[in-house]
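Below, each chain spelled out in residue letters.
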Amino acid sequence: MRIETKLDSGDLGVAPRSLYWNERPIDIIEIIDQWYGADYRYVKVKDSDGGLYILRFDGRLNEWALIMFVSARGQVLATQTE
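In this text, all values refer to a predicted model and were calculated from it rather than measured experimentally.

Reading the values: the criteria
- The residue numbers shown here count from 1 along each chain, following its written sequence.
- Per-residue local features are limited, in this predicted model, to residues with pLDDT of at least 70; the limit for side-chain atom pairs, both in listing and counting, is 80 or more; totals at the level of whole chains, interfaces and linings are taken over all residues.
- For the side-chain quantities, the full set of heavy atoms in the structure was used; hydrogens and water were omitted.
- Strands are runs of DSSP state E lasting at least two residues, helices are runs of H or I lasting at least four, and both sets are numbered from the N terminus onward.
- Exposed residues in this analysis have more than 50% of their type's maximum accessible area, buried residues have under 20%, and partly exposed residues fall in between, with area computed by a 1.4 Å probe over protein chains only.
- At least two bridges found by DSSP between two strands are what make those strands a pair.
- Aromatic rings from Phe, Tyr and Trp, with only the six-membered ring used for Trp, were paired whenever their centres fell within 6.5 Å, and each pair was classed as stacked if the ring planes differed by under 30 degrees, edge-to-face if by over 60, and tilted otherwise.
- Residues enter a nonpolar core if they are buried and are Ala, Val, Leu, Ile, Met, Phe, Trp, Tyr or Cys, with the set joined through side-chain atoms within 4.5 Å.
- Note on contacts: a residue pair qualifies if any of its non-hydrogen atoms lie within 4.5 Å across the two residues.
- By convention in these notes, a salt bridge is any Lys or Arg side-chain nitrogen within 4 Å of a carboxyl oxygen on Asp or Glu.

## Considering unusual backbone geometry
For residues other than glycine, phi is negative in most cases, and the peptide bonds are mostly trans. In the Ramachandran plot, Asn 62 falls in the positive-phi region, its phi being about 55° despite a non-glycine side chain. With respect to the secondary-structure elements, Asn 62 resides in the loop between strand S5 (52–58) and strand S6 (63–70). With relative accessibility at 59%, the residue Asn 62 sits in the exposed group.

Structure, rendered in C-alpha cells:
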C-alpha cells in the first residue's frame, strides 16, 4: 500500500520521520532496523503508540509503501501463552 511520508531534511532520506496512513498522521519515534537491496530499502520503525511498521522504499519509483503493521496490543497478544 503506497503511503505518503515526511522526510527529515537532515536525514538525507534514510527513513521517514512521519507517515500518513488512511489520512492519519503517524509520528515515527525510532528506527529499529534497515536493510537494502539493489533498488529498494526496507525500514522497520516504531511509532509513538508502540506500533511497529515495516516500510519499503522503491528507488526506481521514488515512493514508500507500507508492508506490515502490528499494533502495540497485537505485539502483547502475540507473546502471551495460554
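Still more to cover.
## Considering the pairing of strand S2 (residues 16–21)
For strand S1 (residues 2–7) and S2, the ladder comprises four bridges, and the chain directions are antiparallel. Its bridge partner lying in S2, Glu 4 is registered against Tyr 20. Relative to strand S3 (residues 24–36), S2 runs antiparallel, the two being bridged by four bridges. Looking at S3, one finds that Tyr 20 is bridged to Pro 25. Turn length for the S2-S3 hairpin, with the two strands adjacent in sequence and antiparallel, is two residues, and the turn residue Asn 22 shows positive phi of about 55°.

## Some remarks on the packing of aromatic side chains
Applying the stated criterion across every chain yields a total of four aromatic pairs. Ring plane angle 75° and centroid distance 5.4 Å describe the contact between Tyr 40 and Tyr 42, whose orientation is recorded as edge-to-face. On the basis of an interplanar angle of 40° and a centroid distance of 4.7 Å, the ring pair of Tyr 53 and Phe 69 is categorised as tilted. Of the two residues, Tyr 53 sits in strand S5 while Phe 69 sits in strand S6, which places them 16 residues apart along the sequence. A residue is classified by how much of its surface remains accessible, and Tyr 53, at 1% relative accessible area, is buried. Members of the aromatic cluster, each reached through a chain of ring pairs, are Trp 35, Tyr 40 and Tyr 42.

## Focus on the nonpolar core
Of all hydrophobic cores here, the largest spans 13 residues; its most connected members are Leu 19, Tyr 53 and Leu 55. By residue number, the principal contributor to this core is S5, which donates three residues. Not counting residues within four places of it along the chain, the set of residues in contact with Leu 55 comprises Ile 3, Pro 16, Leu 19, Ile 28, Arg 41, Tyr 42, Val 43, Val 45, Trp 64, Ala 65, Leu 66 and Ile 67.

## Re the pattern of salt bridges
In this structure the tally under the stated criterion is three salt bridges. A salt bridge links Asp 39 to Arg 60; its shortest N-O distance comes to 3.5 Å. With Asp 39 in the loop between S3 and strand S4 (40–47) and Arg 60 in the loop between S5 and S6, this pair connects stretches of sequence that are 21 residues apart. Classification of Arg 60 by relative accessible area gives exposed; the value is 62%. Close ionic contact of Arg 56 with Asp 58 constitutes a salt bridge, the shortest N to O distance being 3.8 Å. Look at Arg 56 and you get partly exposed, because its relative accessible area is 22%.

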